[in-house]
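# Geometric and topological summary
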Amino acid sequence: MTLLARRLLAAALALGLAPLLPLALSPPGARADTPPDSLLIATQIDDLVSLDPAEIFEFSGADAANNIYDTLVAFDPRDLGPLVGGIAERWSLEADGRTYRFKLREGLRFHSGNPVTAEDAVFSLRRAILLQQTPSFILAQFGFTAENLDETITSDGPHDLTLRVDKPYAPSFFLTCLTATIGAVVDKQTVLANEQDGDLGHNWLKTHSAGSGAYRLRVWKPNELYALDANPDYWRQRPAMRRVFVRHIAESTTQRLLLEKGDTDIARNLSPEDIEALAGRPGLKVEEDLKGPLLYLAMNQKHPILGKPPVVEAIKHLIDYDGLARTLLRGQFVPHQAFLPKTYLGALDEQPYALDVAKARALLAEAGLAEGFAITLSVRNVPERLQIAQSLQSTFGQAGIEVALRSGTAKQVLTSYRARKHELLLGTWGPDYPDPHTNADTFAHNPDNSDAAGLTGKLMWRNAWDDPTLSAMTEAALLERDAETRAALYREVQRRLQRQGPFAIMFQQNIQSAMRDSVEGFVTGGAVANSFYWTVTK
Amino acid sequence: MAPRAGAGRAIALAARLLISLAATFFGLLLVTFLIARVVPIDPVIAVVGEQASPETVAAAVRELGLDKPLWQQFAIYLGKVLQGDFGTSVLTARPVLEDIARVFPATLELATLATFLGVLIGLPLGVLAAVKQGRWPDHLIRLLGLFGYSMPVFWLGLMALLVFYGQLGWTAGPGRLDVFYEDLVPSVTGVILLDAALAGDWEVFGNALSHLILPAGVLAAYALAYIARMTRSLMLEQLGQEYITTARAKGISEARIVWRHALGNALVPLITVIALSYAFLLEGSVLTEIVFAWPGLGSYITNALLSADMNAVLGGTIVVGAVFIGINLLSDLLYRLVDPRAR
């Protein structure tokens, strides 16, 4: 070694690492717990691509927006049932069934200090339509178009807003859609001050906030964290947590470690193993909440064998619902056999199917298939799905149905599904907005079953199931003005689909949030809403 | 005439170097571009989503320029890259270059400390093993090397976290900083240690170092094993040469023979070994980054790849390629510096 190199090495030793080791190895701040006025959440936020409410269509983004923005009407975090006023204090529907008049609360202010007015609401809803981002269909389905905005979304004074929809839809349908993130009211003045090339502030709002909600965005680093500062003047209540940090931690074990060490208050993506390991640990607790995504098995009615009703029914009896839930899904999905997730208006709790091989055999014999048959099952090539598919393969085998798995990437599976080329398919479906129509429209509405119709967005069409009665029932439910009657109609639609439809709906997602037991009031919003941070105390 | 000839040679050398650099970069761009175009991932779906109508898809294809012939797409891409425009990431909705400027310093910080630790410990261990060849220190060091080399990094990372953070509480946990230290020092270089030192904020510095030491230690275990093994074999080769026997016959001290003569000569190929190990770490160690929630280049490229975010994949790959080229160039230069014959 040259003298120079040796000197360099010695200098590096002396100046570099050695004196720093004690600094690095001392526990930072030796903190046993997070500060009492800050909330730390370890979760996965790699789905977060934008914080503009006109664009947000991912879970993480919707969680953030739910705390940054207010909507005209909202779900009450303490009771996710009936809708309550948000920025709108009250509203009425005119006799035509199409004109909604909203009276906005007075004295509300955006984080910027600007007052919240009807003009901001008009701007926000028009902006959502004009920007044509993915979730814009949630509003556009009521007939709002770029051409008619001047007549359909208007203000008649600083606190009076009028919205005109194109048909006399069920009021619960329209109002519930306004609770979706796309219905968030943004600060017109601030957003327009940051407009670039007529983009209505879209580019700026992707990474900034301009709301009136309980929190304002302090910083967002993609795939790393976002931090929120409380709005002390929030009209609902002053948030107890002054700051909220939501950190992206991909690994379940790492999340668990942070929780056990007291470096996070809540861990949201623990594996069943980690949840079980935490059970009974002093100072920690696990809270569960049912969310919207469903796991289901689809049976293409174009297939000559799957097109026989007894075969469809037999297959529904060949799924080990309880066994799968107990051994494989372990609390992350729970058995549920209807297309509306629990907590939705009109959700149906009946579970008529259980694993019954003898009954399935009898049904197959009735269809002239006592010897069984061979069929393929399309499935995404991710471990959890493949394991479920293998369980199906095994129980189907008990009745002589020989299942060949056809695994592929999400895109491959989806491509053949949309082209109606699958046989059996293991799929998931997440509702797009918190009204029952979102799922009824896809599972139970197929006005034209021809190939040419190309209704690829509808699962009923993808599985080539033609049932005009069911489609008519779904259409009727959409226009039913009385919420109770409407709920009853959806229960009927679900029962009919449960009995005859080409779907074996199996499970509903259940999330398990592990947290320090001092954390109270963390509401993850059920299947209809998103997470609330402003309700948390600790 | 001599100085002018020397200057001429230097210019010619620099020109050759530049041309070869340009050619390598062009090749890198071409190959990454072609690979990105032939992989069975549809970039349009990534942009417009799965439920998009055929019209939206067609508009996106036009907007992305995917309807043009391949060579034309490449020419457009090349033109943009030369202007520093790598496009926008679908995943983060930000310019790819801005993303890379954010994630690369995290990887740089990690890889540099890991390599530093690897050389600091691995090199003397390798020398020691060679000198004590066949005796217990040699066996122990080789066993350690084997251990470091064959442990799955994911497992080692989790164990390190469990022991040093979870049980002993000696180091900070995952991430680059405790969240409360976020944004306390202005980001100048993106390397938090440097930024904190520049701002004179030693509390942030200590916190960052406490977060860094564990993942860097895990990566260093691999670098160390590789460097120690290579040092050992290179040293053994040197120690068996005749000039060593001559030196011993001349009565030169053993320490001088080992550290000056043998290591001096082994250093030349070792530079390449260390450079390669550094370059490898600079690609970003995806698994280490996942375990330690480290927002580096490795997880950025992996996420992008899984989401068919082709602009980000291309940008990230080009940066990795450029790092390789840069480090190769650097080790070539160092080579010339250390070995008089190469001048």
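The rules we used
- Residues numbered from 1 in each chain as written.
- Chains lettered and ligands numbered in written order.
- Predicted model: local features only at pLDDT ≥ 70, side-chain atom pairs only at ≥ 80, totals over all residues.
- Heavy atoms only, no water.
- Helix = DSSP H or I, 4+ residues; strand = E, 2+ residues; numbered from the N terminus.
- Buried < 20%, exposed > 50% of the residue type's maximum accessible area, 1.4 Å probe, protein only.
- Domains from an automatic or database assignment.
- Contact = heavy atoms within 4.5 Å.
- Buried area = accessible area lost by both parts, 1.4 Å probe.
- Salt bridge = Lys/Arg side-chain N within 4 Å of Asp/Glu carboxyl O.
- Pairing = 2+ DSSP bridges.
- Axes fitted to C-alpha atoms, helices over the stretch in contact; angles between N-to-C directions.
- Nonpolar A, V, L, I, M, F, W, Y, C, P; charged D, E, K, R; others polar.
- Phe/Tyr/Trp six-rings, centres within 6.5 Å; stacked < 30°, edge-to-face > 60°.
- Core = buried A, V, L, I, M, F, W, Y, C linked by side-chain atoms within 4.5 Å.
- Parallel < 35°, antiparallel > 145°, perpendicular 65-115°, else oblique.
- Left-handed = near helix turned anticlockwise from the far one by under 90°.

## Re the overall build of chain B
Each helix and strand in chain B was counted, giving 14 helices and zero strands. When the helices and strands of chain B are placed in sequence order, the string is α-α-α-α-α-α-α-α-α-α-α-α-α-α. Principal-axis analysis of the C-alpha atoms gives chain B an extent of 85 × 70 × 40 Å. Burial statistics for chain B: of 343 residues in total, 47% are counted as buried.

## Details of the domain arrangement of chain B
Residues and elements named next belong to chain B. As assigned here, chain B comprises domain 1 (2–82) and domain 2 (97–342). Taken residue by residue, the interface counts 15 residues in domain 1 and 12 residues in domain 2. Taken together, both faces of the contact between domain 1 and domain 2 bury some 1,300 Å²; the carbon and sulfur share is 86%. Seen at the junction of domain 1 and domain 2, the total is zero salt bridges. Elements with a contribution of two residues or more to the side of domain 1 that touches domain 2: α1 (2–38) and α2 (43–48).

## A closer look at unusual backbone geometry
Outside of glycine, negative phi angles account for most residues, and trans bonds account for most peptide bonds. Residue and element names in this part refer to chain A. The residue leucine 200 is not glycine, and still its phi comes out positive at about 55°. Within the secondary structure, leucine 200 is located in the loop between α8 (188–193) and α9 (202–205). The exposure class of leucine 200 is buried, given its relative accessible area of 17%. The backbone of alanine 464 sits at a positive phi, close to 55°, despite the residue not being glycine. Checked against the element boundaries, alanine 464 lands in the loop between α18 (459–462) and α19 (468–479).

## Side note on the sheet that holds strand β7 (residues 160–164) of chain A
All names here are of chain A. The strand order β4-β5-β7-β6 describes an open sheet built from four strands, whose pairing is antiparallel. Looking at which strands have only one partner, the edges of the open sheet turn out to be β4 (88–93) and β6 (153–157). Mean inter-strand twist for the sheet, computed between neighbouring axes without regard to direction, equals 25°. Here strand β5 (residues 99–104) runs beside β7; their pairing, made up of five bridges, is antiparallel. Following the sheet pairing, tyrosine 100 is matched in β7 by leucine 163. Along the sheet face, helix α4 (residues 118–131) touches β5, β6 and β7 and points at about 175° away from the line of β6.

## Thoughts on the domain arrangement of chain A
Residues and elements named next belong to chain A. Looking at the assigned domains, one finds that chain A contains domain 1 (38–244) and domain 2 (291–510). Between domain 1 and domain 2, the C-alpha centre-to-centre distance is 34 Å. Taken together, the contact pairs 20 residues of domain 1 with 13 residues of domain 2. Of the roughly 1,200 Å² buried where domain 1 meets domain 2, counting both sides, 69% is carbon and sulfur surface. Three residues stand out in domain 1 for area buried against domain 2, namely Ala170, Ser172 and Phe173, and they jointly supply 30% of the buried area on that side. Our count for the domain 1 to domain 2 interface comes out at zero salt bridges. Every element with two or more residues in the side of domain 1 that touches domain 2 is listed here: α5 (137–140) and α7 (171–177). Per element, the largest residue contribution to the side of domain 1 that touches domain 2 is five residues, and it comes from α7. A class-by-class count of the residues in the side of domain 1 that touches domain 2 yields 14 nonpolar, five polar and one charged.

## Some thoughts on the packing of aromatic side chains
Here a ring pair, both rings aromatic, is described through the centre-centre distance and the interplanar angle of the planes. Evaluation of the coordinates by the stated rule reveals 24 aromatic pairs over all chains. When the ring of phenylalanine 339 of chain A is compared with that of phenylalanine 443 of chain A, the centres are 5.8 Å apart and the planes differ by 15°; the resulting orientation is stacked. In this pair, phenylalanine 339 of chain A is assigned in the loop between β13 (333–335) and α14 (357–366) and phenylalanine 443 of chain A in helix α17 (residues 437–443), connecting sequence segments 104 residues apart. Of the two residues, phenylalanine 339 of chain A and phenylalanine 443 of chain A, neither departs from the other in class, the shared state being buried. Look at phenylalanine 164 of chain B and tryptophan 170 of chain B: their rings are 6.1 Å apart centre to centre, the planes differ by 40°, and that puts the pair in the tilted class. For tryptophan 170 of chain B, a relative accessible area of 41% translates into the label partly exposed. Through a chain of ring-to-ring contacts, three or more aromatic side chains come together here, namely Phe57, Tyr100, Phe137, Phe142, Phe144, Tyr169, Phe173, Phe174 and Tyr433 of chain A.

## Observations regarding the nonpolar core
Of all hydrophobic cores here, the largest spans 68 residues; its most connected members are Tyr226, Phe443 and Tyr533 of chain A. No other element matches helix α3 (residues 59–68) of chain A, which puts four residues into this core. Two domains share this core, each providing at least three of its residues, namely domain 1 (38–244) and domain 2 (291–510) of chain A. Here tyrosine 226 of chain A is in contact with Ile45, Leu48, Ser60, Asp63, Ala64, Leu217, Val219, Trp220, Val244, Phe245, Val246 and Tyr533 of chain A, once residues within four sequence places are set aside. In terms of nonpolar packing, the next biggest core, distinct from the first, is built from 52 residues, Val81, Ala220, Val319 and Val320 of chain B among them.

## Observations regarding the packing of α19 of chain A against helix α20 (residues 483–500) of chain A
Residue and element names in this part refer to chain A. Close contact between α19 and α20 brings their axes to 9 Å; oriented N to C, the two are set at 160°. With respect to α20, the element α19 is oriented roughly antiparallel. Relative to α20, α19 is oriented so that their crossing is left-handed. On α20, the residues touching Thr469, Leu470, Met473, Thr474, Ala476, Ala477 and Leu478 of α19 are Arg486, Leu489, Tyr490, Glu492, Val493, Arg496 and Leu497. In terms of residue class, the contact of α19 with α20 is built from nine nonpolar, two polar and three charged.

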